Amino acid sequence: MGKIIAIANQKGGVGKTTTTVNLAASLGVLEKKVLLIDADPQANATSGLGIDVDSVELGTYQLLEHSVTAKEIIIPTDSPNLDLIPAHIDLVAVEIELVDKDRREYKMKEAISDLRDSYDYILIDCAPSLGLLTLNALTAADAVIIPIQCEYFALEGLGKLLNTIKSIQKIHNPDLDIEGMLLTMFDSRLRLSNQVVEEVRKHFSDMVFDTIIQRNVRLSEAPSYGESIIKYDASSKGAANYLNLANEVLTKNKAVV
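Throughout what follows, the structure given in this document is the object of discussion. On a predicted model such as this, the values are computed, not experimentally measured, just so you know.

Here is what the cut-offs are and how they apply
Residues numbered from 1 in each chain as written. Predicted model: local features only at pLDDT ≥ 70, side-chain atom pairs only at ≥ 80, totals over all residues. Heavy atoms only, no water. Helix = DSSP H or I, 4+ residues; strand = E, 2+ residues; numbered from the N terminus. Rg over C-alpha atoms; globule rule 2.2 N^0.38 Å. Buried < 20%, exposed > 50% of the residue type's maximum accessible area, 1.4 Å probe, protein only. Contact = heavy atoms within 4.5 Å. Areas by Shrake-Rupley, 256 points an atom, 1.4 Å probe, with all protein chains shown as cover. Lys, Arg positive; Asp, Glu negative; His and termini not counted. Charge placed at Lys NZ, Arg CZ, Asp CG, Glu CD. Axes fitted to C-alpha atoms, helices over the stretch in contact; angles between N-to-C directions. Parallel < 35°, antiparallel > 145°, perpendicular 65-115°, else oblique. Left-handed = near helix turned anticlockwise from the far one by under 90°. Nonpolar A, V, L, I, M, F, W, Y, C, P; charged D, E, K, R; others polar. Core = buried A, V, L, I, M, F, W, Y, C linked by side-chain atoms within 4.5 Å. Pairing = 2+ DSSP bridges. Phe/Tyr/Trp six-rings, centres within 6.5 Å; stacked < 30°, edge-to-face > 60°. Lys NZ or Arg CZ within 6 Å of the ring centre and 35° of its normal. Expected span 1.5 Å × (residues − 1). Arc of directions from axis to C-beta. Salt bridge = Lys/Arg side-chain N within 4 Å of Asp/Glu carboxyl O.

Looking only at helices and strands, the protein features 12 helices and eight strands. Against the globule reference of 18 Å for 257 residues, the protein gives a C-alpha radius of gyration of 17 Å, in line with a compact fold. Overall, the protein is about 50 × 40 × 35 Å in size when its C-alpha atoms are taken along their principal axes. The proportion of buried residues among the 257 residues of the protein is 56%. Across the protein, contacts joining residues at least 24 apart in sequence account for 78% of those joining residues at least 6 apart. When the accessible area of the protein is evaluated, it comes to approximately 11500 Å², of which 50% is carbon and sulfur surface. Between the centroid of the 25 positive side chains of the protein and the centroid of its 36 negative side chains there is a distance of 7 Å.

Here you go:
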């Protein structure tokens, strides 16, 4: 049975979508069957996998509306073993439309429950907010990966996210686990980057992945070509980092998968 992992942080620009796309592609290359669900109205994960967002007619919006089944809207990507449920800007409306619905936090969980047997991993790219879209993703997930950038405001808002996760564990999803915190945008030349790593490891120790995602030009370029770093430049430092992360996730889940 597949594992559902949400990649979440309400802070923007922390490498959330970069992590979702490249971890998904890396797991696929390591011969795991992966589904990526784009649950961010910006739809960067969709375009980052080479799909023209303007051409998306059915996606996460219709999935949460329950007007289609998940299997009807899954599309293949050019990455090995990686499928996608795309997003479109219309996903913005879901936050408003779900407000007065019954069991509004469970819409995604209900919609993807029958996909577990078809995939080893289902990754959900969350919006940079703690709104209903992110609540739906965390309620549906078995675990959450929290990207933290190695910059001055790294820990700002992290307490709020951890409190939200605790609330979801208490009310909606008692099985939700923290898969790990992932340090991103690391620059070894900067003392600040090293201080953030020290601080995060000191506070959260075992919850932090050993893998650190370093700043890498090729990693920044890949999305503009609609490709994962694995496809764009498999020999780059960014590709090596995400393959290491994928191996770490697999090692951690050996007992489960």
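From this point, the narrative continues.
This part takes up the packing of helix H1 (residues 16–29) against helix H12 (residues 237–252). Contact geometry of H1 with H12 gives a least axis separation of 8 Å together with a crossing angle of 70°. With respect to H12, the axis of H1 lies roughly perpendicular. Here the hand of the crossing between H1 and H12 comes out right-handed. Touching Thr18, Thr19, Asn22, Leu23, Ser26, Leu27 and Val29 of H1 are Tyr242, Leu243, Leu245, Ala246, Val249 and Leu250, all from H12. Of the residues assigned to the contact of H1 with H12, the class counts are nine nonpolar, four polar and no charged.

Okay, the nonpolar core next. With 54 residues, the main nonpolar core has Ile124, Ile146 and Ile165 as its most contacted residues. With residues near it in sequence (within four places) discarded, Ile146 still touches Ala8, Asn9, Leu158, Leu161, Leu162, Ile165, Ile178, Gly180, Met181 and Leu182. The next biggest cluster of nonpolar side chains, apart from the first, holds 32 residues, and it includes Ile145, Phe209, Ala222 and Val249.

Right, let's talk about the sheet that holds strand S2 (residues 34–39) for a bit. The sheet built from eight strands is open, its strands ordered S3-S4-S2-S5-S1-S6-S7-S8 with mixed pairing. On the outer flanks of this sheet lie strand S3 (75–76) and strand S8 (208–214), each paired with one strand and no other. Bridging between S2 and strand S5 (residues 121–126) involves six bridges; their strand directions are parallel. Residue pairing across strands places Asp38 opposite Asp125, the latter belonging to S5. Across the face of the sheet, helix H8 (residues 158–171) comes into contact with strand S6 (143–149) and strand S7 (177–186) while running at roughly 175° to S6.

Under the counting rule described, the total for this entry stands at one aromatic pair. With a centroid separation of 5.0 Å and 25° between ring planes, the pair formed by Tyr225 and Tyr232 is classed as stacked. Take Tyr225: its relative accessible area is 54%, and that puts it in the exposed class. The ring of Tyr106 is capped by Arg103, whose NZ or CZ atom sits 4.3 Å from the centre of that ring.

Taking 1.5 Å per residue, 14 residues should reach 20 Å; helix H9 (residues 191–204) reaches 20 Å between its end C-alpha atoms and fits that length. Residues Ser193, Val196, Val197, Val200 and Phe204 constitute the buried set of H9. Viewed end-on, H9 has its buried residues packed into an arc of 100°, placing them on one side of the element. Away from its buried face by more than 90 degrees, H9 exposes Arg191, Glu198 and Lys202.

Right, let's get into the pattern of salt bridges. Under the defined criterion, the tally for this structure stands at 10 salt bridges. In this structure, the salt-bridge partner of Asp83 is Lys33, at a minimum N-O distance of 3.2 Å. Residue Asp83 is located in strand S4 (residues 82–85), and its partner Lys33 is located in the loop between H1 and S2; the two are separated by 50 residues in the primary sequence. Exposure remark for Asp83: the relative accessible area of 14% places this residue in the buried category. Notably, a salt bridge pairs Glu151 with Arg215, separated by 2.3 Å at the nearest N-O pair. Linking Glu151 in the loop between S6 and H8 with Arg215 in the loop between S8 and helix H10 (217–221), this pair joins segments that are 64 residues apart in sequence. Residue classification places Glu151 among the partly exposed positions, given a relative accessible area of 29%. Look at Arg215 and you get partly exposed, because its relative accessible area is 44%.

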